[in-house]
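Structural overview
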Amino acid sequence: MPGQQHEVTFRFLAQPTDVNFGGKVHGGMAMKWIDQAGYACAVAWSGAYCVTVSVSGIQFVAPILIGDLVTVRARLIHTGTSSMHLAVDVLANDLRRDERRLATSCVMVFVALDSPDGKPTPVPHWEPRDAAERRLQAQARRLLEASKDMEQLVRLNATSTD
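Now for a quick tour of the structure. From a predicted model like this one, the values you see are computed outputs, not experimental measurements.

**Things to note about the packing of aromatic side chains**
Where two aromatic rings form a pair, the distance of their centres and the angle of their planes describe that pair. Tallied over the full model, the rule gives 2 aromatic pairs. Consider the rings of F12 and W33, whose centres lie 4.7 Å apart with planes at 65 degrees: the pair is edge-to-face. Of this pair, F12 sits in strand β1 (residues 7-13) while W33 is found in helix α1 (residues 27-46), placing the two residues 21 residues apart along the sequence. By relative accessible area, W33 is classed as buried at 6%. On the numbers, 6.3 Å between centres and 65 degrees between planes, the contact of Y39 with Y49 is edge-to-face. On the criterion of sequence distance, the pair formed by Y39 in helix α1 and Y49 in strand β2 (residues 49-60) is long-range, its members being 10 residues apart. In this structure Y49 comes out as partly exposed when scored by relative accessible area, which is 35%.

**Topic: the side chain of D68**
One can find D68 in the loop between β2 and β3 (69-79). There is a polar contact of 2.4 Å between the side chain of D68 and the side chain of R101. Setting aside chain neighbours within four positions, we find D68 in contact with F12, L13, A14, P63, A92, N93, D94 and R101.

Reading the values: rules and limits
Residues numbered from 1 in each chain as written. Predicted model: local features only at pLDDT ≥ 70, side-chain atom pairs only at ≥ 80, totals over all residues. Heavy atoms only, no water. Phe/Tyr/Trp six-rings, centres within 6.5 Å; stacked < 30°, edge-to-face > 60°. Helix = DSSP H or I, 4+ residues; strand = E, 2+ residues; numbered from the N terminus. Buried < 20%, exposed > 50% of the residue type's maximum accessible area, 1.4 Å probe, protein only. Polar contact = N/O pair within 3.5 Å; in protein donor to acceptor, adjacent residues only side chain to side chain. Contact = heavy atoms within 4.5 Å.

Written as structure tokens, this is what we have:
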């Protein structure tokens, strides 16, 4: 039911097929997990097909190793008319030592569409419930402004190369 589920968590073990030659999960795999969890959260909130618009501030903080229990947590932090801003964290847990660490973090923006090839469609409004969620929403609004500045730079660059 749209407007109810504002958080999604995935859990699985990092596998040998997920790692690079150094034995650590490569960034592209972590980004795939982030996009999947973000998509699931956006669809659960909106009840509509969603597309990724941007990924901001991605930080690779600590490595993920084979056998780590990986937790990917996506949570809604702001809504626009048809957009949803999500904070996504990837945590790695060494089960042998019971050591949990933040591996990767970012903010994503998704837009709900009325069909896979359609137009943006409204999403339910979300309100923060506590001070921590209000801080995350304020961060999302600052990133939105920075994103608008970046769009202008991209447009200027595109016209200067023509």
